[in-house]
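Chains, contacts and geometry: an overview
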Amino acid sequence: MDSCYRSWVEISLSRIAANYRSVCQAVGEGVEVLGVVKADAYGHGALQVARVLTGTGARWLAVSSVDEGVVLREGGVDARILVMGGVLPYEVEALWEYNLTPAVHSFGEIAALATFNREIRYHLKIDTGMSRLGVRSEVDRILDELAAPRSAQLEGLMTHFASAADFTSQQTETQMATFQAVCSRLSPLPRYIHTASTNAIAYARRGMQENMVRPGHALYGYVSSPRGVCGPRILEVKPALKWKARILVVKDLEEGSLIGYGGTFRAPRRMRVGVLAVGYADGYPHRLSNRGRVIAAGKPAPILGTVSMDLTTVDLSHAPHLGPGDEVTLLGEEGDAGVDAQQIARFAGTISYNVLCGIGARVRRVYVP
Ligand SMILES: *Cc1c(COP(=O)(O)O)cnc(C)c1O
């Protein structure tokens, strides 16, 4: 695929569809698989990913904000859309206008929705111990609030785990028990009960009544590595995104040459280096300076010196035939060599989610089947 861009990502739509199907298989029949497409589908393009997911059978999608939901609706997506990241007072009317379903995080919000006197379905999030969004109350108080007759209708009960891939901690068990204490006393249960995102799905940490799951990372091809001893992983997925950049300039440097801002790299020998058309303004982490590597001509090529705003210098001593206009792989496989978002994250001291979501707007998205 020959793209005429300085730096671009290639996103495989069939891979995203295959990952979605893998999640469906892992959770089994009768479980609704809601596709999380917040943050521009983790950098993959919300609208394109939403269309693939709905075309693969997804009846539900989730976003962070009302704004993100509006983008999907304006793009013609007609699946149900759960807004998970909170709804501000000035955004409430748009819930009706764009047929969005809020995750509600306080009793006050339920009351506020009811003042509109128009039917709306909501999912109530319980804070079972992550101390982020969700109601954190005694079970009796939750049941009382839900018993009050209102025009807003409880359609789902949800919580979110803080440490689902960590088997050295009891936090997930504690959170599950807290959630279960509400479910076991709520009758009838709402239509959807859901707690699991990627890691809880992959490591089978789900309760019996749960009939919806919320994968994000898995759809894009990633599952976090477990900490500690865990049971078998029941989900296999593959990365859907490759990131490439072109070589702008190649040059041969004398031993002792300093490379980049601050002169943080001194050539230990004669070296051939390539200057790439990508930098931290594209979301290529500055913390890869003198640490990361790209793949050039099928082999790892270390990053030399600091990553600049628009440029990154790499060692091309092993690939004398590469020249200006040739492409290298920042993320993805080339021959036997590869770098994925988790490896980049390790080099940069961050997480793979951050690497994917950080791919800048300037980087062209190219969709391949
Ligand atoms: C982002 C998010 C998810 C998806 O998490 P992944 O780890 O990417 O699968 C699920 N639920 C909530 C509430 C989220 O904020």
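In this text, all values refer to a predicted model and were calculated from it rather than measured experimentally.

Looking at the overall build of the protein
- If you tally the helices and strands in the protein, you get eleven helices and 20 strands.
- If one aligns the C-alpha atoms of the protein with their principal axes, the spans along those axes are about 80 × 45 × 40 Å.
- A total of 369 residues make up the protein; the buried ones form 53% of that total.
- Across the protein, the fraction of contacts at a sequence separation of at least 24, relative to all contacts at a separation of at least 6, is 65%.
- Looking at charge distribution, the protein has the averaged site of its 39 positive side-chain charges lying 4 Å from that of its 36 negative ones.

Remarks on the packing of aromatic side chains
- Enumeration over the complete set of coordinates arrives at six aromatic pairs.
- Aromatic side chains W60 and Y192 sit 5.4 Å apart centroid to centroid with 80 degrees between the ring planes, which places their arrangement in the edge-to-face category. In this pair, W60 sits in strand β4 (residues 60-63) while Y192 sits in strand β9 (residues 192-194), placing the two residues 132 residues apart along the sequence.
- Taking the relative accessible area as the measure of exposure, Y192 reaches 8% and is therefore buried.
- A centroid spacing of 4.8 Å and a plane angle of 35 degrees characterise the contact between W96 and F116, whose relative ring orientation is tilted.

Topic: the site of the ligand
- Around the ligand sit 13 residues, and of these K38, Y42, T198, H217 and Y353 come closest.
- Here a nitrogen atom of the ligand and a side-chain polar atom of H160 are 3.5 Å apart.
- Within the side chain of Y353, an N or O atom sits 2.6 Å from an oxygen atom of the ligand.
- Here the ligand has 390 Å² of accessible area as a free molecule, and 90% of this is covered by the chains.
- Assessed atom by atom at 2 Å from the grid points, the ligand resides in the largest pocket.
- Tallied by class, residues from the shell around the ligand come to five nonpolar, five polar and three charged.

Focus: the nonpolar core
- Core analysis: the biggest nonpolar cluster contains 114 residues, and L124 and W243 have the highest contact counts within it.
- By residue number, the principal contributor to this core is helix α1 (residues 13-27), which donates six residues.
- Contacts of L124, omitting those with residues within four sequence positions, involve V104, I110, V135, I142, L146, L154, G156, L157 and M158.
- Judged by nonpolar contacts, the second largest core, of seven residues, contains I259, A267, V273 and L304.

Quick word on α1
- The first and last C-alpha atoms of α1 sit 22 Å apart over 15 residues, in line with the 21 Å expected at 1.5 Å per residue.
- For α1, the complete set of buried residues consists of I16, A17, N19, Y20, V23, A26 and V27.
- Of the surrounding secondary structure, the elements contacted by the buried residues of α1 are β1 (7-12), β2 (32-33), α3 (46-55), α9 (198-202) and β10 (212-213).
- Phi turns positive, to about 85 degrees, at G28, one or two residues after α1.

Re unusual backbone geometry
- Of note, the amide linkage connecting S187 to P188 takes the cis form, showing an omega dihedral of -5 degrees.
- Inspection of the secondary structure assignment puts P188 in the loop between α8 (171-183) and β9.
- If you check the backbone angles, S131 has positive phi at about 60 degrees while not being a glycine.
- Here S131 lies in the loop between β7 (120-125) and α7 (139-147).

About the cut-offs
- Residues numbered from 1 in each chain as written.
- Predicted model: local features only at pLDDT ≥ 70, side-chain atom pairs only at ≥ 80, totals over all residues.
- Heavy atoms only, no water.
- Helix = DSSP H or I, 4+ residues; strand = E, 2+ residues; numbered from the N terminus.
- Buried < 20%, exposed > 50% of the residue type's maximum accessible area, 1.4 Å probe, protein only.
- Contact = heavy atoms within 4.5 Å.
- Lys, Arg positive; Asp, Glu negative; His and termini not counted.
- Charge placed at Lys NZ, Arg CZ, Asp CG, Glu CD.
- Phe/Tyr/Trp six-rings, centres within 6.5 Å; stacked < 30°, edge-to-face > 60°.
- Near = heavy atom within 4 Å.
- Polar contact = N/O pair within 3.5 Å; in protein donor to acceptor, adjacent residues only side chain to side chain.
- Areas by Shrake-Rupley, 256 points an atom, 1.4 Å probe, with all protein chains shown as cover.
- 1 Å grid on protein atoms, 1.4 Å probe; cavity = no way out; pocket = protein on both sides within 12 Å on 5 of 7 lines; lining within 4 Å.
- Sits in = over half its atoms within 2 Å of the grid points.
- Nonpolar A, V, L, I, M, F, W, Y, C, P; charged D, E, K, R; others polar.
- Core = buried A, V, L, I, M, F, W, Y, C linked by side-chain atoms within 4.5 Å.
- Expected span 1.5 Å × (residues − 1).

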